[in-house]
Structures are given as structure tokens and as C-alpha cells.
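Coordinates in review
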Amino acid sequence: MKATDLLKKQHKEVKALFKKLEDTDNPRMRRQLMTDISQNLEAHTTIEEEIFYPAVRELESRDAEEMVLEAYEEHHVVKLVLADLPRVNPEDERFVAKMTVLSELIEHHVEDEEKDMFKLAQKLGKDKLEELGEQMEERFEAFRSRATEAA
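I will try to describe carefully the structure that is included in this document. Keep in mind that this is a model prediction, so the values were computed, not measured.

Relative to the elements of secondary structure, histidine 75 occurs in helix α3 (residues 62–84). Engagement of the side chain of histidine 75 in a polar contact is seen with the side chain of glutamate 49, the distance being 2.8 Å.

A separate point is a negative patch on the surface. On the surface, a cluster of negative charge is contributed by Asp63, Glu70, Glu104, Glu107, Glu111 and Asp116. At the level of elements, α3 and α4 (93–121) are the ones that each hand at least two residues to the negative patch. No other element matches α4, which puts 4 residues into the negative patch. Within the secondary structure, glutamate 70 sits in helix α3.

Our focus in this paragraph is the side chain of histidine 109. Structurally, histidine 109 is set in helix α4. Relative accessible area serves as the criterion here: at 5%, histidine 109 is assigned to the buried category. Each residue touching histidine 109, except ones within four places of it in the same chain, is listed here: Glu48, Tyr53, Ala71, Glu74 and His75.

Analysis parameters
- Residues numbered from 1 in each chain as written.
- Predicted model: local features only at pLDDT ≥ 70, side-chain atom pairs only at ≥ 80, totals over all residues.
- Heavy atoms only, no water.
- Helix = DSSP H or I, 4+ residues; strand = E, 2+ residues; numbered from the N terminus.
- Polar contact = N/O pair within 3.5 Å; in protein donor to acceptor, adjacent residues only side chain to side chain.
- Patch = residues over 30% accessible without salt bridge, like charges linked within 9 Å, V, L, I, M, F, W, Y side chains within 5 Å.
- Areas by Shrake-Rupley, 256 points an atom, 1.4 Å probe, with all protein chains shown as cover.
- Salt bridge = Lys/Arg side-chain N within 4 Å of Asp/Glu carboxyl O.
- Lys, Arg positive; Asp, Glu negative; His and termini not counted.
- Charge placed at Lys NZ, Arg CZ, Asp CG, Glu CD.
- Buried < 20%, exposed > 50% of the residue type's maximum accessible area, 1.4 Å probe, protein only.
- Contact = heavy atoms within 4.5 Å.

Laid out in C-alpha cells, this is it:
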């Protein structure tokens with residue numbers, strides 16, 4: 001699977017988790033969905049930062065450089081919100097607000113990536129995108145396995 005297709009698939013999965021979270025009032029389900037979202041985002045940002053972004057940066061264009069730097073900064077903000085989530089009670093009114101802010105951050109980030117960065121990444125070529133996709137899938141699964149074992 002091409003790297004961009006893998007990332008789009010993961011974007012859809014996280015969006016679906018946010019939708020489920022939005023549709024429930026059950027504190028236990030909210031906590032579980034928050035954990036699922038956090039684990040998915042942590043693994044996803046890891047493969048983007050370790051594999052995908054460096055490959056896009058190799059295109060050595062001003063656009064690539066700017067997009068990658070902005071994406072790293074967006075990830076930084078997402079990580080700050082994720083770090084705060086375990087301390088928020090799912091029954092607290094702030095929980096919904098924090099999850100809404102996180103969802104909006106992710107939505108903006110996804111839009112930028114899919115509209116601009118993925119288009120630029122096509123310049124890497126189909127073979128390179130396939131190779132990156134394989135590496136990213138392996139790294140994602142390894143990251144998720146470790147997170148599951150640690151839980």
C-alpha cells in the first residue's frame with residue numbers, strides 16, 4: 001500500500017473514533033475511545049515523523065520544507081493535548097471540550113496533509129511511496145504492539 005493511502009486510511013479510522021466518542025455519554029466508553037484515539041495518534045505521528053516526513057523533505061523544495069515544518073509543529077500541539085487527557089475525568093465538562101479541540105486540530109492537520117503534502121509526495125514516485133508504505137505499516141504495528149503490551 002502506498003504511504004499516502006495508508007495515512008488516509010488511518011485518518012479515516014481516527015475520524016471514526018472521534019465520531020463514536022461524540023455519540024456517547026458513557027464515561028467508561030469515553031475513556032476507552034480516548035485511549036484508542038491516543039494510541040492511534042501516537043503511532044500515526046511516529047510513522048509520519050520517522051519515515052514519511054523525512055522522505056517528503058528529500059524533495060528539497062521550499063513547499064516541502066514549509067509543509068513538513070508546519071506538520072511537526074501541529075504534531076507538537078497534538079502531543080500536548082494528548083498528554084493532558086489522562087488527567088481529565090470523562091464525566092467532566094472539560095473532557096468534551098478537550099476532545100473537540102483535539103478533533104479540530106486533527107481535522108485541520110489531515111486537510112493540509114491530504115490536500116497539499118500528499119500531492120507533493122506523488123513526486124517521490126509510486127515505487128518509493130509503496131516502499132515507504134510497507135516500512136510505515138511495519139513500524140505502526142510494532143508501535144501499537146508495544147503500546148498494547150505496556151497497557
